[in-house]
Amino acid sequence: MKKIIANWGNYPSIESDEKTFSFPEDLATYVGREDRFIARGYGRCYGDASLAAKTVCTLQYNKVLSFDTKEGIFECQSGLTLDKILPIIVPKGWFLPVTPGTKFITVGGAVGSDVHGKNHHVDGCFSAHVMEMDITGHDGETHTCTPDDKADLFWATCGGMGLTGVITRVKFRLKKIETSYIRQKQLKAKNLDEILRLFEENKQYTYSVAWIDCLKKGKGFGRSILILGEHASVEDLPAGKKEKPLAVPSGKQINFPFNLPSFVLNKFTVKVFNFLFYGKNMKREINNVVSYEPFFYPLDAILNWNRGYGKKGFIQYQFVLPLESKNGLVEILHRISDKGIGSFLAVLKVFGPQDDLISFPKEGYTLALDIPVRNGLMPFLDELDALVLQHGGRLYMSKDARMKPEILEKGYPRLDEFKSIIRKYNPESKFSSLQSERLNLTSR
Amino acid sequence: MEKYVFIIGATSDIGMAIAEKYAREGYDLLLGARKSERLLPAQSDLQIRFGIRCNLLELDLSQTTTLAAVWNSLENKPGITICVAGFMQDNDEVLRDTSATLQTIESNFTGPVTLLNAIALDYMKNGTGVIAGFSSVAGLRGRQSNFIYGSAKAGFIAYLSGLRNKLFHHQVHVLTVLPGFVYTKMTAHLSLPALLTATPAQVANAVFTGIRKKKNVVYVKWFWKWIMCIIRMIPEFMFKKKKL
Ligand SMILES: Cc1cc2nc3c(=O)[nH]c(=O)nc-3n(C[C@H](O)[C@H](O)[C@H](O)COP(=O)(O)OP(=O)(O)OC[C@H]3O[C@@H](n4cnc5c(N)ncnc54)[C@H](O)[C@@H]3O)c2cc1C
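Just so you know, these numbers come straight off a predicted model, no measurement behind them.

With that settled, consider the nonpolar core. Side chains that are nonpolar tend, in soluble globular proteins, to be buried together. Residue and element names in this part refer to chain A. With 110 residues, the main nonpolar core has Phe74, Phe172 and Leu348 as its most contacted residues. Sorting elements by how many residues they give to this core places helix α10 (residues 377–390) first, with six residues. Ignoring anything within four residues of it in the chain, the contact list for Phe74 reads Val64, Ser66, Phe67, Leu80, Ile85, Ile88, Ile89, Val170, Lys171, Phe172 and Leu174.

So this is what it looks like as structure tokens:
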């Protein structure tokens, strides 16, 4: 069916002929017949990675295939979304090994972007927990691969943005939990030096992430709130919750009804931040026990919050810089705050070591912030790209809608190897997206 | 068995939605379909998500002479049977193609009737059970665009109504479902009027409630009842001139 689609940033949008499938034969027929299309999950990447004039949507291909509750091994079709998995695994004492900041993504998308969570420095990316997967290749055949068997296909698929084929089945390991709650600690940092020090001091925590105020200048430059978390044990729970330690939160949502001018959302986040920062607890540290839902998915409670950025959409700019490039981080933050166009808040996190073929994370600082699309934005982002590269960093393809091919090339040292695997498994550029064409990953 | 449902034609989007609805409500399932191995993923999914038992049954409605035996050989027989099976092709093609004509009649009428006969006899003997059959608004009046399919569905409507009458006296309930337009893979290429079009999940809910409340005929979207009422009132001498 033809319709206008866009990913989470609402930029760009495109008319796409979208095909859904429920059975593998139907996918094989489609792949055999069609040309130049891309797999699409929930469309939660921000930019143009899962956009093309033809898309094959996996959302109907969403069955749970097996769940070993003793060993914590889960196997499903690729269109199953994390929000459907959680209520199945949590009551049995298991959790997702890695989860992004939204549960509305498919397992195929988790592999395609090789997503990271707040525990990257401890548990790595999603791919670190994948045991086996099936991919429907350009020939319409299903190829099974593991980290060791058909390893080239496996590693080019993790973070490969759908360019090796359509992932159809994924088997992955879960994380054991005693309760569905998180023991949370929030720490205030007066400035950038303090927040980076706090990250270092608290790296034994499984989960860590910071909200950083991008606009504050002077002494308070880089003021932030660090949020740390550990899966709570039964003893950690308050009396009323001990009887049902693995309760699944009800997950009520409110819908964001329409597109707002972007300053409204900015004002809202300013308020939330100030509330947390100056609010009733002037204490430097807050400790509490919360359900996993608000801890991992605070934004999911407001469906379609992306509409808060207005009709033109927004770019989420996310980069990583090596640990030794703290100056680069300072410089980029200054540029953003001088320009005054970024969202008030950005998310800062420290990645642990990782060195995969094409996955985004590598050891260092990663910063992500939303910037509404407006005139003059793209040249400014090009300037930021140059700074990122100059300091040895790179951008996240899953958030990208506009980088130039040379930025990708210089940021990812193994890009040539990745490209040659793509040529092997996708010789006619059958799997091809707006992004892959823009970045010269597939032919036009 | 009380909480055990048989779905005939389970691979369709509507069949899947009904299976999920009943599984969510804690019912065990028997899913019947041609190439039933295609339902293996659905089987594991429903069992893992809802903690119910889900069995598969290979069923070819065109093999009419074997259908009664398939039912009778079941050890454990479901107490609710829902027949979703059906098949529609372009009417003009069917008109020219005898095998397509026979297939249309078989999968919409002869097959379901043969199988439901065996089930009805069983339910009658036990004095308990529910049968729900999917017909179509196309069966309420023959139109030039789909009268072969429509006439098979019309036969099925008459069958279900007679069956309801007969089984009423044996404490067995029969429900006729006339779903109207439904968003499915079969209709994905059409642009359907939202007011008249139901999602498979809405159809499943309507069937579930219809069975629980012992309704006789269910239109999923209430509008259809009135539309069809009007369409059926148009005199034949006028109707034949219409391009419907
Ligand atoms: C609020 C929010 C918070 C987020 N937080 C994080 C975060 O903390 N960490 C992080 O890493 N990401 C984060 N993301 C990004 C998101 O997790 C990824 O973009 C993810 O890939 C989206 O999955 P999806 O199912 O929506 O896939 P899509 O967005 O539709 O596709 C993403 C990519 O995966 C490919 N793909 C999807 N399915 C398949 C398949 N079956 N076979 C082959 N390729 C496939 C697509 O081609 C595309 O290249 C966040 C996004 C949002 C909206």
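Turning next to the packing of helix α3 (residues 64–72) of chain B against helix α5 (residues 98–126) of chain B. Residues and elements named next belong to chain B. Between α3 and α5, whose axes approach to 9 Å, the crossing angle comes to 30°. Between α3 and α5, the interaxial angle falls into the category roughly parallel. Crossing geometry of α3 relative to α5 is assigned as right-handed. Across the interface between the two elements, Thr64, Leu67, Ala68 and Trp71 of α3 pack against Thr110, Gly111, Thr114, Leu115, Ala118, Ile119, Asp122 and Tyr123 of α5. Here the residues of the contact of α3 with α5 sort into seven nonpolar, four polar and one charged.

Right, let's talk about the domain arrangement of chain A for a bit. Often, the extent of an interface is quoted as the loss of accessible area upon association of its parts. All names here are of chain A. Its domain assignment divides chain A into domain 1 (2–57), domain 2 (64–177) and domain 3 (181–404). On a C-alpha basis, the centroid separation for the pair domain 1 and domain 3 is 29 Å. In total, domain 1 and domain 3 occlude about 1100 Å² of area from one another, counting both sides; carbon and sulfur atoms represent 55% of this. Applying the counting criterion to the domain 1 and domain 3 interface returns zero salt bridges. Our enumeration of links across domain 1 and domain 3 arrives at four residue pairs in polar contact (both at pLDDT 80 or more). Of the residues in the side of domain 1 that touches domain 3, the class split is five nonpolar, three polar and one charged.

Glancing now at the site of the ligand. All names here are of chain A. Taken together, 34 residues lie near the ligand, and Arg44, Thr106, Ser113, Tyr396 and Ser398 sit nearest. Between the ligand and the protein, one listed contact pairs an oxygen atom with a backbone N or O atom of Ala39 at 2.8 Å. The side chain of Ser50 places a nitrogen or oxygen atom 3.1 Å from an oxygen atom of the ligand. Bound to the protein, the ligand loses 96% of the 970 Å² it would expose on its own. Contributing elements (two or more residues each) for the shell around the ligand: β3 (38–40), α3 (107–112) and β10 (166–173). Broken down by class, the residue content of the shell around the ligand amounts to 15 nonpolar, 16 polar and three charged.

Looking now at the sheet that holds strand β2 (residues 28–33) of chain B. Strand pairing within a sheet occurs via backbone hydrogen bonds; the two strands may be parallel or antiparallel. All names here are of chain B. Strand order in the open sheet formed by seven strands is β3-β2-β1-β4-β5-β6-β9, and the pairing between neighbours is parallel. Strands at the two margins of the open sheet, each flanked by one partner only, are β3 (54–58) and β9 (217–219). Going across the sheet, the axis of each strand differs from the next one's by a mean of 15°, ignoring polarity. Note: β2 against β3, five bridges, orientation parallel. Bridging across to β3, Ala33 finds its partner in Glu58.

So, on to α10 of chain A. Residues and elements named next belong to chain A. Under the 1.5 Å per step criterion, the end-to-end length of α10 is 20 Å for 14 residues, consistent within 8% with the ideal 20 Å. Along α10, the residues that are buried comprise Leu377, Phe380, Leu381, Leu384, Asp385, Leu387 and Val388. Looking straight down α10, one finds its buried side chains confined to an arc of 165°; they lie on one side. On its buried face, α10 sits against β18 (314–321), α9 (326–339), β20 (364–372), β21 (394–395) and α11 (405–411). Among the residues trailing α10, Gly392 stands out with phi positive, at a value near 80°.

Here is the key point about a regular strand: its side chains alternate between the two faces of the sheet. All names here are of chain A. Bridge count for strand β5 (residues 64–68) against strand β6 (residues 73–77) is four bridges, and the pairing is antiparallel. Looking at β6, one finds that Asp68 is bridged to Ile73. With antiparallel pairing between neighbouring strands as the criterion, β5 and β6 make up a hairpin whose turn holds four residues, including Gly72 at a positive phi of roughly 70°.

Turning our attention to the interface of chain B and chain A. Taken together, the eleven residues of chain B in the interface contact twelve residues of chain A. Counting each side, the surface lost to burial between chain B and chain A is near 1100 Å², with a carbon and sulfur contribution of 61%. By the criterion of area lost to chain A, the three top residues of chain B are Arg38, Ile48 and Lys185 of chain B, representing 45% of everything that side buries. At the boundary of chain B with chain A, the tally comes to one salt bridge. Among the salt bridges present, the one from Arg38 of chain B reaches Glu25 of chain A, with a minimum N-O distance of 2.4 Å. Between the two partners, chain B and chain A, sit four residue pairs in polar contact (both at pLDDT 80 or more). Counting residues per element, the side of chain B that touches chain A draws most heavily on helix α2 (residues 40–50) of chain B, at six residues.

Residue and element names in this part refer to chain A. Evaluation of the coordinates by the stated rule reveals 36 salt bridges over all chains. When the shortest N-O distance is used, the salt bridge between Glu293 and Lys103 registers 2.7 Å. A residue pair is termed long-range when its members are at least 10 positions apart, and Glu293 in helix α8 (residues 292–296) and Lys103 in the loop between β7 (94–95) and α3 qualify at 190 residues. Among the residues examined, Glu293 registers a relative accessible area of 12% and is labelled buried. On the accessibility criterion, Lys103 (8% relative accessible area) is buried.

Cut-off values and rules
Residues numbered from 1 in each chain as written. Chains lettered and ligands numbered in written order. Predicted model: local features only at pLDDT ≥ 70, side-chain atom pairs only at ≥ 80, totals over all residues. Heavy atoms only, no water. Core = buried A, V, L, I, M, F, W, Y, C linked by side-chain atoms within 4.5 Å. Buried < 20%, exposed > 50% of the residue type's maximum accessible area, 1.4 Å probe, protein only. Helix = DSSP H or I, 4+ residues; strand = E, 2+ residues; numbered from the N terminus. Contact = heavy atoms within 4.5 Å. Axes fitted to C-alpha atoms, helices over the stretch in contact; angles between N-to-C directions. Parallel < 35°, antiparallel > 145°, perpendicular 65-115°, else oblique. Left-handed = near helix turned anticlockwise from the far one by under 90°. Nonpolar A, V, L, I, M, F, W, Y, C, P; charged D, E, K, R; others polar. Domains from an automatic or database assignment. Buried area = accessible area lost by both parts, 1.4 Å probe. Salt bridge = Lys/Arg side-chain N within 4 Å of Asp/Glu carboxyl O. Polar contact = N/O pair within 3.5 Å; in protein donor to acceptor, adjacent residues only side chain to side chain. Near = heavy atom within 4 Å. Areas by Shrake-Rupley, 256 points an atom, 1.4 Å probe, with all protein chains shown as cover. Pairing = 2+ DSSP bridges. Expected span 1.5 Å × (residues − 1). Arc of directions from axis to C-beta.

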